[in-house]
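# Tertiary structure, described
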Amino acid sequence: KLEVAEHETHYNTLDDQTQELIQQMQHMEDLHKDLQTDFEGALASSHQTEMTLQECETKLQESEKKMRELELGCKERDGALRERDAALQEGEREREREKAREKERESVRDADSKKLEDALK
């Protein structure tokens, strides 16, 4: 009877240890699942961050392209304005020359009229 009792005690001890190991294993599996979930979440977040970064880079490139186009348009308009200003200035100089020629013609007519009046006197 004593030997049976010792075997039962040993069996119960082994059973308790087995149950404890099973609980520890289940706890480890739960931790593993939690870690796996965290890892997958971090991986998804990292992927989303990478996609967002790529979108930002694309938008930045588009903005830089638009800015270059705007700068080119401004340079073209500036050139056109300078050409227009030069043409206006040339037109103004031509009007001034025409006024000077008209004054000279008037002066010649006045001198001719005076000579004619003097000759008729």
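Read on for a plain summary of the structure. (Residues numbered from 1 in each chain as written. Predicted model: local features only at pLDDT ≥ 70, side-chain atom pairs only at ≥ 80, totals over all residues. Heavy atoms only, no water.)

Glancing now at the overall build of the protein. When its secondary structure is counted, the protein shows 1 helix and 0 strands. Against the 2.2 N^0.38 benchmark of 14 Å for 121 residues, the protein shows a C-alpha radius of gyration of 51 Å, more extended than a compact globule. Put simply, the protein shows about 11600 Å² of open surface, and 56% of that area lies on carbon and sulfur atoms. The centroid of the 21 positive side-chain charges in the protein is displaced by 25 Å from the centroid of its 34 negative side-chain charges. (Helix = DSSP H or I, 4+ residues; strand = E, 2+ residues; numbered from the N terminus. Rg over C-alpha atoms; globule rule 2.2 N^0.38 Å. Areas by Shrake-Rupley, 256 points an atom, 1.4 Å probe, with all protein chains shown as cover. Lys, Arg positive; Asp, Glu negative; His and termini not counted. Charge placed at Lys NZ, Arg CZ, Asp CG, Glu CD.)

Counted under the stated rule, the structure contains 12 salt bridges. In this structure, Glu98 engages Arg105 in a salt bridge whose closest nitrogen and oxygen atoms are separated by 3.1 Å. Salt bridges sharing common partners tie together Glu90, Arg93, Glu94, Arg97, Glu98, Arg101, Glu102, Arg105 and Arg109. (Salt bridge = Lys/Arg side-chain N within 4 Å of Asp/Glu carboxyl O.)

Positionally, Lys65 belongs in helix 1 (residues 2-120). Placed 13 residues apart in sequence, Lys65 and Asp78 show a C-alpha to C-alpha distance of 20 Å.

On to a negative patch on the surface. There is a patch of like negative charges on the surface, built from Glu29, Asp30, Asp34 and Asp38. One can find Asp38 in helix 1. (Patch = residues over 30% accessible without salt bridge, like charges linked within 9 Å, V, L, I, M, F, W, Y side chains within 5 Å.)

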